[in-house]
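Examining the three-dimensional arrangement
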Amino acid sequence: MSTDRWDLGLDRIAGAVWFAMLLLGIVAWHSSGTPVAGAAIVAAVPLAVASSTGALYATCAAIPLIFHPIHIGTLTLGLLELGVLITAFGTALRIGYEIAHGSDAELRKALGPLKLQVLPVGLFALGTLSLVWMPFDFHRVEAMRSWRWVIFEPVLLFALARLAIVRHGRAPLALAISAPAAFVALAALWQLIDSSSSFSVDEVRRSTATYLHPNNLALFLERALFLVLIPGLVLRGRARWFLLGLSLIIVAGIGSTFSRGALLGLTAGFVVVLLAHPFRRGWRLLAGGLGLVTVAFGALATDRFTGAGSSGIVSTRRYLWTDAVHMVRDFPISGIGLDQFLWMHQQRYIDPRIWSERYVSHPHNLLFDTWLSLGIAGVAFLCAVVLVGAWVIAMARTGRLNLDPWQLGALACLGAGLGHGLVDNGYFLADLAATTWLAIALAAPERPDSLTTHD
């Protein structure tokens, strides 16, 4: 693994577009419902044509804003969705121009080997088929919306990210995700001071920042954390202190959520790192750090940690999982379709003992969520993704696959999502789906020669 110093490697146009698109996004958000918002969106289109990579980096800042859409006339649209579509449009125009002039080398390099396209193409196919084999048509509109948010647009993001990585490397993309996360973490810390805006449960105030629930915030922050923490720990030079500073802010933001699932996510992320890149006393340090965090959590928020007065694993999740098993039993092949859990659970399957949780929109487990959303084929797809990740870790551990620090951080990001997804939402929200596919793009090798052979 290389531990050389790094630089952003951006050209002036990409950097300028990144900055300009961020400004336009801020203008659109604060002027929602006025003609100014529409004008800002229109102005973003030529910027995306000028530099699709700069537009992509700015789009990443909209990931934690999925619950804050903007209004343009009668339309209600999310900045993340707008950013993806505008960036894709600008990229398509640029690619068309390059192909017409015979300069498509970057595109061919971004596409890489055919096996790199199997996962995104497979998800797109499964997500589209799930719309066809839905057992009920009552809520097809919600299924179509979910298809856009967690299938189509994340796959687009993967393709855009691969092209951006070929052009400018992995560092700018990782920072484009994690730097906004640090600002969100600062907002979360401010909420602990401003008690009127925090989420109170189990006699402890929990921050939500730009999200509707503390657990949603933790799910996003823990993934963004590993994208900069691992490079900050591995790389040398002054820039590492910037990365570690961002990491410290994000860690504090995660702490402000008092999320028990975050402990699973962080543990899983570090386990992935130690499996792929062992270092001396790594497991002892992980065990010691986890022990200290657990003790601190229990001391600062005892009721929250034990789940004595809130929805914990014993009091709620076991019933949710039992209800999900009943759904799977009734629809083992097709599942129930994308974004159908809320109404199916509420009307037909909810255990009366958790009637207070009748508005829960997912089964709080990635396996059940995947099975119910995409059917049995989705379970096979999830297993394939996990096996590919295990293969990458095994190849890196034996030295047959060269991973740079950004790739290792992306693998840890995916591991954190899988770990936290055991007890919460693991993928089927727009921000989680986007972050997942950006992390896959970051973790994937740029060229086949990343594989090395040893005698």
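Residues numbered from 1 in each chain as written. Predicted model: local features only at pLDDT ≥ 70, side-chain atom pairs only at ≥ 80, totals over all residues. Heavy atoms only, no water.

**What about the overall build of the protein chain?**
Looking only at helices and strands, the protein chain features 19 helices and four strands. For the protein chain, with 455 residues in total, the buried portion stands at 52%. Put simply, of all contacts in the protein chain between residues at least 6 apart along the chain, 76% involve residues at least 24 apart. For the protein chain, the accessible area works out to roughly 20400 Å², and carbon and sulfur atoms hold 68% of it. (Helix = DSSP H or I, 4+ residues; strand = E, 2+ residues; numbered from the N terminus. Buried < 20%, exposed > 50% of the residue type's maximum accessible area, 1.4 Å probe, protein only. Contact = heavy atoms within 4.5 Å. Areas by Shrake-Rupley, 256 points an atom, 1.4 Å probe, with all protein chains shown as cover.)

**Here's the deal with the pattern of salt bridges**
A full pass over the atoms with the stated rule returns seven salt bridges. Glu81 is the salt-bridge partner of Arg148, the closest N and O atoms lying 2.7 Å from each other. Of this pair, Arg148 sits in helix H7 (residues 140-168) while Glu81 sits in helix H4 (residues 79-100), and the two are 67 residues apart along the sequence. (Salt bridge = Lys/Arg side-chain N within 4 Å of Asp/Glu carboxyl O.)

**As for the packing of H7 against helix H19 (residues 430-443)**
Viewed as axis vectors pointing N to C, H7 and H19 meet at an angle of 30°, and their least axial separation amounts to 8 Å. The pairing of H7 with H19 is recorded here as roughly parallel in orientation. The hand of the H7/H19 crossing is right-handed. Across the interface between the two elements, Trp149, Val150, Pro154, Leu157, Phe158, Ala161, Arg162 and Ile165 of H7 pack against Ala430, Ala433, Ala434, Trp437, Leu438, Ile440, Ala441 and Leu442 of H19. When its residues are assigned to classes, the contact of H7 with H19 shows 15 nonpolar, no polar and one charged. (Axes fitted to C-alpha atoms, helices over the stretch in contact; angles between N-to-C directions. Parallel < 35°, antiparallel > 145°, perpendicular 65-115°, else oblique. Left-handed = near helix turned anticlockwise from the far one by under 90°. Nonpolar A, V, L, I, M, F, W, Y, C, P; charged D, E, K, R; others polar.)

**Here we look at the nonpolar core**
Counting 107 residues, the largest nonpolar core has Leu173 and Leu338 as its most contacted members. Top contributing element to this core by residue count: helix H9 (residues 214-234), with twelve residues. Once residues lying within four places of it in the same chain are set aside, the contact partners of Leu173 are Leu56, Tyr57, Cys60, Ala161, Ile165, Leu438 and Leu442. Phe136, Ala324, Phe331 and Ile336 belong to the second largest nonpolar core, which has 17 residues in total. (Core = buried A, V, L, I, M, F, W, Y, C linked by side-chain atoms within 4.5 Å.)

**Topic: the packing of helix H1 (residues 12-30) against helix H2 (residues 35-50)**
Geometrically, a packed helix pair is captured by the angle between its two axes and the distance between the axes. Contact geometry of H1 with H2 gives a least axis separation of 9 Å together with a crossing angle of 165°. The angle between H1 and H2 places the two elements in the roughly antiparallel class. In terms of crossing hand, the pair formed by H1 and H2 is left-handed. Mapping the contact onto sequence places Ile13, Val17, Ala20, Met21, Leu24, Val27 and Ala28 in H1 and Val36, Ala37, Ala40, Ile41, Ala43, Ala44, Leu47 and Ala50 in H2. Tallied by class, the residues present in the contact of H1 with H2 amount to 15 nonpolar, no polar and no charged.

**So, the environment of Leu286**
With respect to the secondary-structure elements, Leu286 resides in helix H12 (residues 282-300). What makes Leu286 buried here is its relative accessible area of 15%. A sequence separation of twelve residues divides Leu286 from Leu274, and the C-alpha atoms of the two residues are 9.1 Å apart. Beyond its immediate stretch of four places on either side in the chain, Leu286 contacts Phe270, Val271 and Leu274.

**Re unusual backbone geometry**
Keep in mind that most residues, glycine aside, have a negative phi and that most peptide bonds are trans. Even without being a glycine, Phe258 presents a positive backbone phi close to 50°. The phi torsion at Arg281 lies on the positive side, around 60°, for a residue other than glycine. As for its position among the elements, Arg281 is in the loop between helix H11 (260-276) and H12.

**Overview of the confidence of the model for the protein chain**
For the protein chain, the average pLDDT comes to 88, and 88% of its residues sit at 70 or higher. Confidence drops under a pLDDT of 50 for residues 448-455, and excluding neighbours within four residues, the segment shows 15 contacts in the predicted structure. (pLDDT = per-residue confidence, 0-100.)

**Some words on the packing of aromatic side chains**
Applying the stated criterion to the full structure yields 13 aromatic pairs. Arranged with centres 5.5 Å apart and planes meeting at 80°, the rings of Phe158 and Trp437 form a pair that is edge-to-face. Here Trp437 lies in helix H19 and Phe158 lies in helix H7, a separation of 279 residues in the sequence. The burial state of Phe158 is the same as that of Trp437; both residues are buried. A ring pair is formed by Tyr427 and Phe428, whose centres lie 5.2 Å apart and whose planes are at 85°; its orientation type is edge-to-face. (Phe/Tyr/Trp six-rings, centres within 6.5 Å; stacked < 30°, edge-to-face > 60°.)

**A word on a nonpolar patch on the surface**
A cluster of nonpolar residues, Phe19, Leu23 and Ile26, forms a patch on the protein surface that exposes about 300 Å² of accessible area. Mapped onto the elements, Leu23 comes out in helix H1. (Patch = residues over 30% accessible without salt bridge, like charges linked within 9 Å, V, L, I, M, F, W, Y side chains within 5 Å.)

**A few points about the side chain of Glu153**
Note that Glu153 resides in helix H7. Of the buried charged residues, Glu153 lacks a salt bridge, with Arg148 as the closest side chain of opposite charge at 4.1 Å. What Glu153 contacts, discounting residues up to four positions off in sequence, is Glu81, Val84 and Arg148. (Lys, Arg positive; Asp, Glu negative; His and termini not counted.)

**Looking at the environment of Leu82**
Within the element layout of this structure, Leu82 appears in helix H4. Leu82 sits 23 residues away from Thr59 along the chain, and the two C-alpha atoms are 8.3 Å apart. Ignoring sequence-local partners within four residues, the contact set of Leu82 consists of Ile41, Ile70, Ile72 and Leu77.

**Observations regarding helix H10 (residues 239-255)**
Relative to the 24 Å expected for 17 residues at 1.5 Å per residue, H10 spans 25 Å between its end C-alpha atoms, a close match to the ideal helical length. On the buried face of H10, the contacting elements are helix H8 (171-193), H9, H11 and helix H18 (405-420). (Expected span 1.5 Å × (residues − 1).)

**Observations regarding the side chain of Glu222**
Counting through the fold element by element, Glu222 comes out in helix H9. Although Glu222 is buried, it makes no salt bridge; Arg223 carries the closest opposite charge, 5.2 Å away. Leave out the neighbours within four places in its chain, and Glu222 touches Ile254, Ala262, Gly265, Leu266, Ala416 and His420.

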